[in-house]
Amino acid sequence: MINVKIVKSYVEINVNKSDYDFVFVFDQEPEAEYRNEVVRKLPSQKKMQSAKILTIIRLNNNFKHLKNIVLTLRKMTEKSDASVTYYLIVNDSKYLQDFILCLEAMQIKDRKEKYEYLYDKTCEYLDEQFSKYNYCDFNHDKCIANRNGTCRYQEMGCCHSFKLSKFIPGMLTNERVCQYLSNKKCSTKNISCKLHCCGYLREKGIRFKTHEMLALECFFNQKQHDIINLNFFRNREEIIDKLLETNYEPYLIYLMHRGHKVKKIS
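If you're wondering where the values come from, they're calculated on a predicted model, not measured in any experiment. (Residues numbered from 1 in each chain as written. Predicted model: local features only at pLDDT ≥ 70, side-chain atom pairs only at ≥ 80, totals over all residues. Heavy atoms only, no water.)

Attention now moves to the environment of Val7. Within the secondary structure, Val7 sits in strand β1 (residues 3–7). In the structure, Val7 is positioned 190 residues away from Cys197 in sequence and 36 Å away in space, judged by C-alpha atoms. Excluding residues that lie within four positions of it along the chain, Val7 makes contacts with Glu12, Ile13, Tyr87, Leu88, Ile89 and Val90. (Helix = DSSP H or I, 4+ residues; strand = E, 2+ residues; numbered from the N terminus. Contact = heavy atoms within 4.5 Å.)

Next up on the list: the side chain of Asn146. Positionally, Asn146 belongs in helix α5 (residues 144–148). On the basis of relative accessible area, Asn146 is assigned to the buried category, the value being 7%. Engagement of the side chain of Asn146 in a polar contact is seen with the backbone nitrogen of Cys143, the distance being 3.0 Å. Residue contacts for Asn146: discarding those within four places in its chain leaves Asp141, Cys151, Tyr153, Gln154, Glu155, Met156 and Gly157. (Buried < 20%, exposed > 50% of the residue type's maximum accessible area, 1.4 Å probe, protein only. Polar contact = N/O pair within 3.5 Å; in protein donor to acceptor, adjacent residues only side chain to side chain.)

Moving on: the packing of aromatic side chains. According to the stated counting rule, one finds 12 aromatic pairs in the structure shown. With 5.3 Å between their ring centres and 90 degrees between their planes, Phe130 and Tyr135 make a pair best called edge-to-face. The pair Phe130 / Tyr135 is uniform in exposure class, with both members buried. Between Phe130 and Phe208, the aromatic rings sit 5.6 Å apart at their centres with planes inclined by 40 degrees, giving tilted as the arrangement. With a gap of 78 residues between them, Phe130 in helix α4 (residues 111–133) and Phe208 in the loop between α7 (199–203) and α8 (214–219) connect regions that are remote in the sequence. Phe208 shares its class with Phe130; the two are buried. Linked through ring pairs, Tyr125, Phe130, Tyr133, Tyr135 and Phe208 together constitute an aromatic cluster. (Phe/Tyr/Trp six-rings, centres within 6.5 Å; stacked < 30°, edge-to-face > 60°.)

Counting across every chain of the model gives 14 salt bridges. The salt bridge partner of Glu78 is Arg74, with a shortest N-O separation of 2.9 Å. For Asp127, the salt bridge identified is with Lys194, shortest N-O distance 2.8 Å. Of this pair, Asp127 sits in helix α4 while Lys194 is found in helix α6 (residues 191–195), placing the two residues 67 residues apart along the sequence. Of the residues examined, Asp127 reaches a relative accessible area of 40% and is grouped as partly exposed. Classification of Lys194 as buried rests on a relative accessible area of 16%. (Salt bridge = Lys/Arg side-chain N within 4 Å of Asp/Glu carboxyl O.)

Structure, rendered in structure tokens:
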């Protein structure tokens, strides 16, 4: 169980530092009592193995800064059995829940379980956003883009699978309602489809970029971002298995070979 305490200031951190083997502080302007603990260089993994660690983090709205903290914490904890207590000084950060998700993912040692957790939590977040703000505005099986004629389909929004023509660039073939659409709901968690925003929504400024989602940015490399973004109409298990693959091709060759694609099993 992850030990995270959310506070508004250092005043609420009521601990005895001598109870911990290490105290790490991630804060550009820490309280005087904690200035000597600001992280500049981590001890060796061997020293931190099975250690008892206190970590204090002042959150902010600087995505790059928080990403660097998460990556440092991953180096610090993922390969050790350290017991870590986190104090998060919230500081009105919009990334609080994203940061907690990262901390939770760090506790999962099994790579597949970690990916499944991040995948499912991201899908849940996207479902919540589309439901909360009613972006697609479905009415009688027609989304807003269906109704105003900015979608190539007449109903069921963009839940239509297709293939790209091998002979005519840009031409779509075998267009049909997606096989995973059951009772007007998706029967699988396809993260690529959930991330997708049609042209109408993008014109309204609605889009979700994986490199702007803290957990995805901190735990997946560029090849894996391509897998997450570009595997429409596949099921959850296929995409997770693809994320687990090891591929050492240089990125440009990887792109040429379309290495991100889940291969259809014949």
